[in-house]
Amino acid sequence: MLNLLERCLPFDHAVMQAVQKLAEIGGGVMDKIMLALTFLGEETFVILLIIAVYWCWNKRLGEYLLFSLYTAMSLNGLLKDLIARPRPFLTERFSDLRYVRVEGALVDTAHLSSSWSFPSGHSQTAGSIFGSLAYGRKAGAKLLCGLLILLVMLSRVYLGVHYPTDTIVGALLGLLCAWLCGALFRRFYHHKVLLMLAAVLLSGSALLLNFTVDTVKTIALGLGAVVGLWLEQRAVQFRPAKSVFARVLRLVIGFALLMGIRLGLKPLLPDLMWCHALRYALMGFTGTFLWPWFFTRAGL
């Protein structure tokens, strides 16, 4: 596969060079626009989107989004370790191109040198999430979702953190996950916990290639979500809130709770792999069961 990608390097360089000419427009304004677009593929945005749908709008659609995204994440991690393609800013032939290095709470491109480039995780995330949202919708919704996917792809190339081929393949794989998971969900929704468990097992196979903290966190998140979905199905069976006020409370308090687990617990726990796994397992369990159980009991 790497040999085939090597043959694509002239195409990748030409496209990246053309895309990065957008930097000539408005000084640093374009950098900020592209960072905002790349945020649509970030973990924080995706978590907010899924829980907003799951808790406040359409429970079944939220479960589908979670299944589709998790499958895409698992496949992405597996392929990255199998193919092991270096980032463009680490490649000598691309040293003449821009690399927008940013270290922030919402977007971080400064710590990507330790991760592989192919396929693009952000593009695959966008493909799975927006592809799932477009699944079965009208033409206008599909067009909007397709545009958002393209904009995320464009941002990753502009920032210099992915080759165009990374983003193309990533987006296509994300759309494939959205379609496949949608078909499985429609046919086997009553076995949704088993479907999610299968996605966790796919993620676990990455440990055979590369035992990393990120892989462990992904598996822990999935296991927490599987247990939570199973308990919610048997003990809660919550419904979306009827009032706008209740929906806002569910989302604001619940999102703060998840971010408290994700970020607040981090400095309190030792920097050990099992501690990172614990945080992400708690996030999956809280999002799918603990918080739905609480707001159902509270009448929200």
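You'll find the structure just up there.
This structure is a prediction, so every number in the text was calculated from the model and none was measured.

## So, the overall build of the protein
Counting its regular elements, the protein contains 12 helices and 0 strands. For the protein, the α and β elements follow one another from N to C terminus as α-α-α-α-α-α-α-α-α-α-α-α. Overall size of the protein, expressed as C-alpha extent along the three principal axes, is 60 × 45 × 40 Å. In the protein, which comprises 300 residues, the proportion classed as buried is 49%. Once local pairs closer than 6 in sequence are excluded, the contacts in the protein between residues at least 24 apart make up 82%. Counting 28 positive and 16 negative side-chain charges, the protein places the centres of these two groups 15 Å from one another.

## As for unusual backbone geometry
The phi angle of most residues is negative, glycine excepted, and most peptide bonds adopt the trans form. With an omega dihedral of -10°, the bond running from Phe118 to Pro119 counts as a cis peptide bond. Here Pro119 lies in the loop between α5 (59–83) and α6 (121–134). In the Ramachandran plot, Ala84 falls in the positive-phi region, its phi being about 55° despite a non-glycine side chain. Turning to its location among the elements, Ala84 is positioned in the loop between α5 and α6. Assessed through its relative accessible area of 23%, Ala84 is described here as partly exposed. Unlike most non-glycine residues, Gln237 shows phi in positive territory, near 50°.

Quick notes on the rules
- Residues numbered from 1 in each chain as written.
- Predicted model: local features only at pLDDT ≥ 70, side-chain atom pairs only at ≥ 80, totals over all residues.
- Heavy atoms only, no water.
- Helix = DSSP H or I, 4+ residues; strand = E, 2+ residues; numbered from the N terminus.
- Buried < 20%, exposed > 50% of the residue type's maximum accessible area, 1.4 Å probe, protein only.
- Contact = heavy atoms within 4.5 Å.
- Lys, Arg positive; Asp, Glu negative; His and termini not counted.
- Charge placed at Lys NZ, Arg CZ, Asp CG, Glu CD.

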